[in-house]
Amino acid sequence: MKKIGLALSGGAARGIAHLGVLKAFNELGIKPAVLSGVSSGAIVAVFYAAGYKPDDILRLIKELRIYRVMRLAIGQVGILHLDAVEKLYYRYLGEQATFEGLDIPVIIGATDMHAGATVNFSSGELIKPLIASSAVPILYRPVHYQGMLLNDGGLLDNLPIEALSGKCDVKIGVHSNPINHEARITSLRSMIERTAHLAINNNVQLRRHLADFFIEPPELKHYRLMSFSKADELFEIGYHYTMSIKPELLQAINQG
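Residues numbered from 1 in each chain as written. Predicted model: local features only at pLDDT ≥ 70, side-chain atom pairs only at ≥ 80, totals over all residues. Heavy atoms only, no water.

**Some details on the overall build of the protein chain**
No. 1: Check the secondary structure of the protein chain and you find 9 helices and 10 strands.
No. 2: Its C-alpha atoms give the protein chain a radius of gyration of 17 Å, near enough to 18 Å, the size a compact globule of 256 residues would have.
No. 3: Dimensions of the protein chain, computed from C-alpha atoms along their principal axes, come out at roughly 55 × 45 × 35 Å.
No. 4: Burial analysis of the protein chain (256 residues in total) assigns 51% to the buried set.
No. 5: Across the protein chain, every contact between residues at least 6 apart in sequence was considered, and the portion connecting residues at least 24 apart equals 74%. (Helix = DSSP H or I, 4+ residues; strand = E, 2+ residues; numbered from the N terminus. Rg over C-alpha atoms; globule rule 2.2 N^0.38 Å. Buried < 20%, exposed > 50% of the residue type's maximum accessible area, 1.4 Å probe, protein only. Contact = heavy atoms within 4.5 Å.)

**Quick look at the side chain of Asp157**
No. 1: By the secondary structure assignment, Asp157 is in the loop between strand 8 (148-152) and strand 9 (170-174).
No. 2: There is a polar contact of 3.2 Å between the side chain of Asp157 and the backbone nitrogen of Leu159.
No. 3: Among the polar contacts listed, one links the side chain of Asp157 to the side chain of Arg207, at a separation of 3.2 Å. (Polar contact = N/O pair within 3.5 Å; in protein donor to acceptor, adjacent residues only side chain to side chain.)

**Considering the pairing of strand 9**
As a general feature of sheets, a regular strand has side chains that alternate between the two faces.
No. 1: For strand 9, the tally of buried residues reaches 5 of 5 residues, placing the bulk of the element in the interior.
No. 2: Side chains of strand 9 alternate between two faces, with Val170, Ile172 and Val174 and Lys171 and Gly173 buried alike.
No. 3: Direction of pairing for strand 1 (residues 4-8) relative to strand 9: parallel, over a ladder of 5 bridges. Within strand 9, the position partnered with Gly5 by the bridge is Lys171.
No. 4: Direction of pairing for strand 9 relative to strand 10 (residues 213-215): parallel, over a ladder of 3 bridges. Looking at the pairing, Gly173 lines up with Phe214 of strand 10.
No. 5: With helix 7 (residues 188-205) bridging strand 9 and its parallel neighbour strand 10, the resulting β-α-β unit is right-handed. (Pairing = 2+ DSSP bridges. Right-handed = clockwise from strand over helix to strand, strands pointing away.)

**Comments concerning the packing of aromatic side chains**
No. 1: Following the criterion strictly, the structure yields 3 aromatic pairs and no others.
No. 2: Measuring from ring centre to ring centre gives 5.4 Å for Phe47 and Tyr52, while their planes differ by 55°; the resulting arrangement is tilted.
No. 3: The rings of Phe47, Tyr52 and Tyr89 are connected pair by pair, giving a single aromatic cluster. (Phe/Tyr/Trp six-rings, centres within 6.5 Å; stacked < 30°, edge-to-face > 60°.)

**Concerning the packing of helix 1 (residues 17-28) against helix 2 (residues 40-49)**
A pair of packed helices is characterised by two quantities: the angle between their axes and the separation of those axes.
No. 1: At a closest axis distance of 10 Å, the pairing of helix 1 and helix 2 adopts a crossing angle of 35°. The two elements helix 1 and helix 2 cross, and the hand of that crossing is right-handed. Contacts between helix 1 and helix 2 involve His18, Leu19, Leu22 and Asn26 from the former and Gly41, Val44 and Tyr48 from the latter.
No. 2: Within the contact of helix 1 with helix 2, the residues separate by chemical class into 4 nonpolar, 3 polar and no charged. (Axes fitted to C-alpha atoms, helices over the stretch in contact; angles between N-to-C directions. Left-handed = near helix turned anticlockwise from the far one by under 90°. Nonpolar A, V, L, I, M, F, W, Y, C, P; charged D, E, K, R; others polar.)

**Re unusual backbone geometry**
No. 1: The backbone phi angle of Ser39 is positive, close to 55°, even though this residue is not glycine.
No. 2: Checked against the element boundaries, Ser39 lands in the loop between strand 2 (34-37) and helix 2.
No. 3: Take Ser39: its relative accessible area is 10%, and that puts it in the buried class.
No. 4: For Gln146, which is not a glycine, the phi torsion comes out positive at approximately 50°.
No. 5: Considering the arrangement of structural elements, one finds Gln146 in the loop between strand 7 (143-145) and strand 8.
No. 6: Relative accessible area serves as the criterion here: at 57%, Gln146 is assigned to the exposed category.

Dropping the structure here:
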C-alpha cells in the first residue's frame, strides 16, 4: 500500500478547514502515513496524530476562547504570551508528550529567527516546537529552544511539502490561505493582514509544484485570519470541498 504524506499549511482560523479535510479523508479511507505542518496546520496534525478525531478537535477549538489564553508581556520581544496555550497542550497531550508517542509520525516546522532559516522537528519533546510553530513574530513572544529563537514556521515555509521528501510515496499539500483578489484595503489592520498574507502566500506558490496533489478550498478566501467564531463554517468548507474532488484525489493517490 502506498504511503501518503500530508502537509498542512498555517492559516490561523482558516486552518480549521484542515479538520474538515481530515474528516473527508477518514470517510474516504485515506490514511496519512506521515504528517507535516506549520502554525495552525501543526496543531491539527499533532492532535490528529495523537488520536483525536477531527470533530473532537473542532469541539476543543470552539470551547477555547482566545482572550482566556493570551496574556500581555509588555517589554518583551513579543507582546503576548502563549503560556496558557502551552498549559492546554500539556493538559490534552500529556506532561511528557513526545513525537515518538504519537500514533502517526509528525514533522513540525518553525523559523529560527537568529539563523533566518526553517527548522523541522520530528523527535523528542513535542510541546515546545508546537508552541514555536504558531508564535507569530512581533505579536507573540518567540520560543527559546535548543539554543534557537523560534517563531511561526509559516514565515519562510507555509506549505511544508519538502519535509515529506523520502518519507512517503504520495505527497498531498493542503493550503488554507487562498488569496482574495477582490479584497479591498480599508484600514491599517487590513493593510497589515494583506501584506503578511501576500508575502507568506508567495512562499507557498514556490512549493506547490512539489505536491503530487494540491488542495486549496477557494471559499476560504472570504474569511479573515481570526474568524474563529466561524469555526463550523470553516470546518464544513474543508470537508465539502475535499468530498467534491474525490475522483481527482483518489486518482492522484492511485497513480502516485
